[in-house]
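# Coordinate inspection notes
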Amino acid sequence: MSVFHTLVARSLPLVPRPIVRRVSQRYIAGETLAAAVATVRALNAEGLMATVDILGESVHDAALVEQALRDYLDALHALRDARLDSNVSIKPTNFGLKIDFDLCYEKVKALVVEARALGNFVRIDMEDSSCTSATLDLYRRLRAEGLENVGVVLQAYLRRTLADVAALPDRPNVRVCKGIYVEPPDLAFKERGLINRNFAQALQALFDRGAYVGIATHDEEVVYEAQRLVRERRLEPRQYEFQMLLGVREPLRRVIRRDGHRLRVYVPYGPQWYAYSLRRLKENPQMAGYILAAMLPGSKG
Ligand code: FDA
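Note that the structure is predicted; figures quoted are calculated from it, not measured. (Residues numbered from 1 in each chain as written. Predicted model: local features only at pLDDT ≥ 70, side-chain atom pairs only at ≥ 80, totals over all residues. Heavy atoms only, no water.)

Moving on: the domain arrangement of the chain. It is common to give the size of an interface as the accessible area that goes away when the parts come together. Segmentation of the chain into domains returns domain 1 (1–28 + 272–294) and domain 2 (29–269). For domain 1 and domain 2, the distance between their C-alpha centres works out to 24 Å. Counting residues at the interface gives 11 residues for domain 1, matched by 16 residues for domain 2. Regarding the contact of domain 1 and domain 2, the summed buried area is about 1100 Å², with carbon and sulfur atoms giving 59% of it. At the junction of domain 1 and domain 2, the tally comes to 2 salt bridges. The shortest N-O distance in the salt bridge between Glu 31 and Arg 21 comes to 2.8 Å. Where domain 1 touches domain 2, the interface holds 3 residue pairs in polar contact (both at pLDDT 80 or more). Looking at the side of domain 1 that touches domain 2 element by element, the count peaks at 5 residues for helix α11 (residues 274–283). Within the side of domain 1 that touches domain 2, the residues separate by chemical class into 5 nonpolar, 1 polar and 5 charged. (Domains from an automatic or database assignment. Contact = heavy atoms within 4.5 Å. Buried area = accessible area lost by both parts, 1.4 Å probe. Salt bridge = Lys/Arg side-chain N within 4 Å of Asp/Glu carboxyl O. Polar contact = N/O pair within 3.5 Å; in protein donor to acceptor, adjacent residues only side chain to side chain. Helix = DSSP H or I, 4+ residues; strand = E, 2+ residues; numbered from the N terminus. Nonpolar A, V, L, I, M, F, W, Y, C, P; charged D, E, K, R; others polar.)

Have a look at this one:
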């Protein structure tokens, strides 16, 4: 990324919210469950699976945790009623991880149990490094209770990730991504080459452990290496899937599908769009241009 991009990225919190909203629309399905259902339906029609994320994080009020659970239960039922191919992704801090581990565990368990009854699946996203150990504990505890329809995420930028693979339960279900939070260098690799190597190592270690793996990236180098591993190990399409974010690199999405791999799109929705949008914009190489264009007088973005 250029120095200019970094400068604009640092100034993003100063950009008026309506502008952030306008330029980040492509990343969000909308504010309502109906909007998310419509987006998933369109993706399914293209032969793509989905995972629905209700935006929200860092919750410090137990009443909001209850609300998050209710909203996710509604989403699971709406997906079932519409016969859509989509699971759900949740953020542990939206389920109260920063309030109390047991509270979070009980609420996530209630969701996973209901998802099981509906024949669906819950992915636990990974947040910043202050959450890593607790999130993995959450996953291990759910699995220890016999719940199989749940998966977790590991981040290739973390130095601890290969050790975390080794400490997962048998037949884990893991999404691997690079990781999006700002972490100190003693915890995380900073260099793209090293992150990509760790990504490939994590995929290998997970396949060795018989994991079902979600390969979550828009980086062609990582996609290339993952496809090489899939070929080398003669994996069946049902043993892994690629995953991409809504609104990012749709042409690459089509190439991956054309090559015969399954692909799932991450579909975020809800009124709490701001924090997620900032993270996505910072990763967009064209972000500075979009922001500046949207700020010009008379621009409709
Ligand atoms: P990289 O950032 O190198 O991007 C590769 C190329 O893709 C870029 O050069 C650019 O062309 C394009 N690109 C990437 N992002 C873009 C954007 N926003 N707009 C336009 N172009 C873009 N992280 C995390 O910490 N915890 C999690 O639980 C998840 N979950 C998750 C689910 C799914 C399905 C995906 C795809 C990603 C995540 N992530 C995540 C985010 C992940 O950690 C990472 O930040 C992004 O995927 C970007 O990394 P890439 O692998 O795409 O590589």
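Sheet strands line up and pair through hydrogen bonds in the backbone, either parallel or antiparallel. The strand order around the closed barrel built from 8 strands is β1-β2-β3-β4-β5-β6-β7-β8, with neighbouring strands paired in parallel fashion. Here the average twist between neighbouring strands, direction ignored, is 30°. Taken together, the 6 bridges between strand β1 (residues 49–54) and strand β8 (residues 263–269) define a ladder with parallel strand orientation. Paired with Asp 53 across the two strands is Pro 268, which belongs to β8. (Pairing = 2+ DSSP bridges. Axes fitted to C-alpha atoms, helices over the stretch in contact; angles between N-to-C directions.)

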